[in-house]
Amino acid sequence: IGLDQDRIAPPKNSKNYLKPFWGITKFNLLIWAFDRYVLKGSWTNISIDSIRENIETGLVWDYDDFNTNAVGHAYHGAMYHSIARSHGMSFLESSIYTFLGSLSWEFLWESEFPGKNDHYFSTLGGIHLGEALYRMANLVSYENSTGLRKTFGKAFKFFVNPIVGITKSSDENLDFGSFGKDHDYDFKLPLGAYHSSDDQFIMLIATRFEYKDIFQSNHSKIRPYDWFSFDARIGISDQGFRDPEISTYGILFGKKFRNGCAGMFGLFDYINSHMPERMSA
């Protein structure tokens, strides 16, 4: 797989603001249909009456399980963000689409009352997780490749971000501000094992990614997520998966220095420990 070896065409000046809207609507319809006809979720029995009742009730606290609220909704929102980015929207514009996409899901596509914590995670988690996954997926270039190399490139892009892998239109609409050059990044896949406090042998799989375009000498304007880190890890024992963690941390705006940067940062954190404590941000 070539990592950004091909020149990237600058984004077009004209934007179609309806395309992300229809893309998010079709995505919501697909997710609803899967939940309705495959998972048989009771909350998928939507109607005009359920929509009216949701609007009259407004946002309430949702008591779904931790994984659904803390990472499921955040990933759902990340796909909203990626849809907008893949249609040429900026980070800020895509954040607005993520906010609106989350609201439409809560009020229109569920018969349960809209969840305020679901909306928070879909919007805030979706923005930060989505931008990181969007940029990571776009580092993979396979357009001039053939055979197994191209197939593997497509599969890897889809694995990192399914929306980018499907649309492929993002390659024509990148908004990174640095076209026709390589991106700076570090990528590591540490593997290992440890013995837990409850006497289990656990294999560890992790990933560490740092995107560092902000430190290039000719990089003057700081755009959101010109620097970010993405960390994930999971343990595997004879009882299955254990202690998954996901964390993204990226600059929104600020000032760079020779060996660092300062400013406002966005954060998404998810830690699901085998201990009773569970944390998310």
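The structure under discussion appears in the preceding block.
None of the values given here were measured: they were computed from a predicted structure.

**Side note on the overall build of the protein**
A count of helical and extended segments in the protein gives 7 helices and 9 strands. The proportion of buried residues among the 281 residues of the protein is 45%. Within the protein, contacts between residues at least 6 apart in sequence are counted, and of these 67% link residues at least 24 apart. Total accessible area computed for the protein in this model is approximately 15,100 Å², and 61% of it derives from carbon and sulfur atoms.

**Details of the pattern of salt bridges**
One pass over the structure, following the stated rule, counts 8 salt bridges. Residues participating in the shared-partner salt-bridge network are Arg85, Glu131, Arg135 and Asp226.

**Brief notes about the side chain of Asp213**
With respect to the helices and strands, the residue Asp213 is situated in the loop between β5 (201-212) and β6 (227-237). Judged by its relative accessible area of 1%, Asp213 falls in the buried class.

**What to know about the nonpolar core**
With 37 residues, the main nonpolar core has Phe209, Phe228 and Phe230 as its most contacted residues. Of all the secondary structure elements, the ones that give two or more residues to this core are α1 (18-37), α3 (66-86), α4 (91-108), α5 (116-137), α7 (162-167), β5, β6 and β8 (261-272). Take this core: its biggest share by element is 9 residues, from α3. Once residues lying within four places of it in the same chain are set aside, the contact partners of Phe230 are Leu129, Ala132, Leu133, Met136, Thr207, Arg208, Phe209, Ile246, Ser247 and Thr248.

**Some remarks on the side chain of Asn28**
Among the secondary structure elements, Asn28 is positioned in helix α1. Separated by 3.4 Å, the side chains of Asn28 and His76 make a polar contact. When sequence neighbours within four positions are dropped, the list of residues in contact with Asn28 reads His76, Tyr80, Gly101, Ser104, Trp105 and Trp109.

**Concerning the packing of aromatic side chains**
In this structure the tally under the stated criterion is 15 aromatic pairs. Their ring planes at 70° and their centres at 5.1 Å tell us that Phe21 and Trp22 sit as a pair that is edge-to-face. Ring centres of Phe91 and Tyr225 lie 6.2 Å apart, and the angle between their planes is 25°; this geometry places the pair in the stacked category. On the criterion of sequence distance, the pair formed by Phe91 in helix α4 and Tyr225 in the loop between β5 and β6 is long-range, its members being 134 residues apart. Each member of the pair Phe91 and Tyr225 is classed as buried. A network of ring pairs unites the aromatic residues Phe91, Tyr185, Phe187, Phe209, Tyr211, Tyr225 and Phe228 as a single cluster. A cation over an aromatic ring shows up here: Arg36 above the ring of Tyr37, its NZ or CZ 5.5 Å from the ring centre.

Calculation criteria
Residues numbered from 1 in each chain as written. Predicted model: local features only at pLDDT ≥ 70, side-chain atom pairs only at ≥ 80, totals over all residues. Heavy atoms only, no water. Helix = DSSP H or I, 4+ residues; strand = E, 2+ residues; numbered from the N terminus. Buried < 20%, exposed > 50% of the residue type's maximum accessible area, 1.4 Å probe, protein only. Contact = heavy atoms within 4.5 Å. Areas by Shrake-Rupley, 256 points an atom, 1.4 Å probe, with all protein chains shown as cover. Salt bridge = Lys/Arg side-chain N within 4 Å of Asp/Glu carboxyl O. Core = buried A, V, L, I, M, F, W, Y, C linked by side-chain atoms within 4.5 Å. Polar contact = N/O pair within 3.5 Å; in protein donor to acceptor, adjacent residues only side chain to side chain. Phe/Tyr/Trp six-rings, centres within 6.5 Å; stacked < 30°, edge-to-face > 60°. Lys NZ or Arg CZ within 6 Å of the ring centre and 35° of its normal.

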